[in-house]
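Each chain, written out:
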Amino acid sequence: MQFQLPLIYPYSFELTTKRLRTFEKTSFVADGDKLSRTMHGSRGPLLCTVEPLAGENALRVEIEGALAEGEAEEIKRKVARMFSTQVDLTPFYEQMREHPVLAPVIAEREGLHFVLEPSLYECVVKTIIGQQLHVSFAATLIQRFQELAGSKAVFRGREWVLFPTPEQVARLKYEELQALQFNRRKAEYIIDFSRKVVNGELSLEALWSLSDEEVLHTLLPIRGIGRWTVECVLLFGLGRPDLLPAADIGLRNTLKRVYGLDHQPGEEEVRQWGESWAPYRSYVTFYLWDSLDNVK
DNA sequence: GGCCAGGCTAGCA
DNA sequence: TGCTAGCATGGC
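Residues numbered from 1 in each chain as written. Chains lettered and ligands numbered in written order. Predicted model: local features only at pLDDT ≥ 70, side-chain atom pairs only at ≥ 80, totals over all residues. Heavy atoms only, no water.

**Topic: the protein's contact with DNA strand C**
Here is step 1: If you check the shell around DNA strand C, you find Gln132, Leu133, His134, Phe137, Gln181, Phe182, Asn183, Arg184 and Arg185 and nothing else.
Here is step 2: The share of sugar and phosphate among atoms of DNA strand C within 4 Å of the protein is 63%.
Here is step 3: Contacts to DNA strand C include Gln181, whose side-chain N or O atom sits 3.1 Å from a phosphate oxygen.
Here is step 4: With respect to DNA strand C, the backbone of Arg184 contributes an N or O atom lying 2.5 Å from a phosphate oxygen.
Here is step 5: A class-by-class count of the residues in the surface near DNA strand C yields 3 nonpolar, 4 polar and 2 charged. (Near = heavy atom within 4 Å. Polar contact = N/O pair within 3.5 Å; in protein donor to acceptor, adjacent residues only side chain to side chain. Nonpolar A, V, L, I, M, F, W, Y, C, P; charged D, E, K, R; others polar.)

Structure, rendered in structure tokens:
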């Protein structure tokens, strides 16, 4: 199946997918302009390939694999959501255009959009793995985790790994993740979380209809999930526009640099600044993170 | 070699 | 209620 997804200008495919080609390359495989990744379809593995359509202000999408009756529309919606094709950044840019400090940081990244994970489960697990680790080491762990627990599928004559399902992870033993250099507690967090999803104690699909606050209250009691993790899930899983992970060390380091401070700002300080960024705090956070990536 | 990473929990005051 | 050691490893 092939289809096109119209984009809302401004949209830069290059800026938007840059992080997928660098330290998030565990999800997507790049081939020139094209990016491919596997997804779970209702009838088995799918391969989704996305590329910009020159001069058309649209994405060209190809889906390989068996689709069920009526599944095509669902996949189109999912890919559109993943690549934020229907998000209009114009009001965000207008609000921030006069900002004394952030205006240039934002202007340099005109057209940068979120790329969301295809499933909330994948988002939560990757975020837990990434807690307080170097991004590059987290990527290594995610890779090993996928190889260990995920299914394989063959497309175009090569083997692709799928992100593990909750069922596959629920069957693992803690020791199997420890052998991949997960620490004991992180192994427990991930496997125990997966078991909650499998036994129905937690419905991730239900999160879509909840407010940010309600999502926070739903996920926070789960062991291994703190405020930062929920905020990342709201951002990168649900695509909510007004989140501020004020405790994030990367964000605080970036603010120190961008604002030219002599100290690393505390959580409260970050929240106070963030008030003037509402209702687009997620975008400011994301743009600042992007500027952090470029400094390293 | 030491300290810190895009945190979180358990244990202690 | 608030603070801190410990976690498992890589990078600087």
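Moving on from the model shown.
**Digging into unusual backbone geometry**
With the exception of glycine, most residues fall at negative phi, and the peptide bonds are largely trans.
Here is step 1: Pro10 follows Tyr9 through a cis peptide bond whose omega is 0 degrees.
Here is step 2: Topologically, Pro10 is positioned in the loop between β1 (2–6) and α1 (13–21).
Here is step 3: With an omega of 0 degrees, the peptide bond running from Ala278 to Pro279 counts as cis.
Here is step 4: Relative to the assigned elements, Pro279 resides in the loop between α13 (267–274) and α14 (281–295).
Here is step 5: Positive phi values are uncommon outside glycine, yet Gln132 reaches one of about 55 degrees.
Here is step 6: Topologically, Gln132 is positioned in the loop between α5 (120–130) and α6 (135–149).
Here is step 7: Accessibility expressed as a relative area gives 75% for Gln132, which makes it exposed. (Helix = DSSP H or I, 4+ residues; strand = E, 2+ residues; numbered from the N terminus. Buried < 20%, exposed > 50% of the residue type's maximum accessible area, 1.4 Å probe, protein only.)

**A closer look at the side chain of Arg240**
Here is step 1: Tracing the sequence through the fold places Arg240 in the loop between α11 (227–236) and α12 (249–259).
Here is step 2: Under the relative-accessibility criterion, Arg240 is labelled buried at 14%.
Here is step 3: For Arg240, the side chain forms a polar contact with the main-chain oxygen of Trp208, separated by 3.3 Å.
Here is step 4: Looking at Arg240, its side chain comes within polar contact range of the main-chain oxygen of Leu210, at 2.9 Å.
Here is step 5: Apart from the residues lying within four places of it in its own chain, the contact partners of Arg240 are Phe114, Leu207, Trp208, Leu210, Ser211, Asp212, Val215, Leu234, Leu235 and Ser282. (Contact = heavy atoms within 4.5 Å.)

**A few points about the protein's contact with DNA strand B**
Here is step 1: Near DNA strand B, the surroundings consist of 24 residues, among which Gln132, Arg223, Gly224, Thr229 and Trp289 are the closest.
Here is step 2: Each atom of DNA strand B within 4 Å of the protein was classed as base or backbone; sugar and phosphate made up 56%.
Here is step 3: Here a base nitrogen of DNA strand B and a side-chain polar atom of Gln132 are 2.7 Å apart.
Here is step 4: Note that a base nitrogen of DNA strand B is positioned 3.5 Å from one of the side-chain N or O atoms of His134.
Here is step 5: Sorting the residues of the surface near DNA strand B by element identifies α9 (184–198), α11, α12 and α14 as the ones contributing at least two each.
Here is step 6: No other element matches α11, which puts 4 residues into the surface near DNA strand B.
Here is step 7: Looking at the surface near DNA strand B, its residues break down into 9 nonpolar, 8 polar and 7 charged.

**Details of the pairing of strand β4 (residues 44–53)**
Here is step 1: Here strand β3 (residues 34–41) runs beside β4; their pairing, made up of 7 bridges, is antiparallel. Within the sheet, the bridge partner assigned to Gly41 lies in β4 and is Gly44.
Here is step 2: Between β3 and the antiparallel strand that follows it, β4, lie 2 residues.
Here is step 3: If you look at the hairpin formed by β4 and strand β5 (residues 58–64), you'll find 4 residues sitting between the two strands, and Gly55 has a positive phi there, around 70 degrees. (Pairing = 2+ DSSP bridges.)

**Observations concerning the sheet that holds β3**
Consider a sheet: its strands pair through backbone hydrogen bonds, and that pairing is either parallel or antiparallel.
Here is step 1: In space, the 5 strands of this open sheet follow the order β1-β5-β4-β3-β2, with antiparallel pairing throughout. On the outer flanks of this sheet lie β1 and β2 (29–31), each paired with one strand and no other. Between one strand axis and the next, the sheet turns by 30 degrees as a mean value, whatever way the strands run.
Here is step 2: For β2 and β3, the ladder comprises 3 bridges, and the chain directions are antiparallel. If you follow Ala30 over to β3, its bridge partner there is Leu35.
Here is step 3: Strands in contact with α1 are β2, β3, β4 and β5; relative to β3, the strand with the most contacts, it is inclined by about 65 degrees.
Here is step 4: Running at roughly 130 degrees to β3, helix α2 (residues 71–82) makes contact with β1, β3, β4 and β5 of the sheet. (Axes fitted to C-alpha atoms, helices over the stretch in contact; angles between N-to-C directions.)

**Let's talk about the nonpolar core**
Here is step 1: Core analysis: the largest hydrophobic core is formed by 65 residues, its most contacted members being Phe92 and Phe193.
Here is step 2: Lining this core are residues from two domains, each supplying at least three of them: domain 2 (88–115 + 239–296) and domain 3 (120–228).
Here is step 3: Discounting chain neighbours no more than four positions away, the residues touching Phe193 are Tyr121, Val124, Val125, Glu188, Leu202, Leu204, Ile222 and Ile225.
Here is step 4: Listed in part, the 21 residues of the second largest apolar core include Leu5, Met39, Leu59 and Ile63. (Core = buried A, V, L, I, M, F, W, Y, C linked by side-chain atoms within 4.5 Å. Domains from an automatic or database assignment.)

Nothing here speaks to function; it is geometry throughout.
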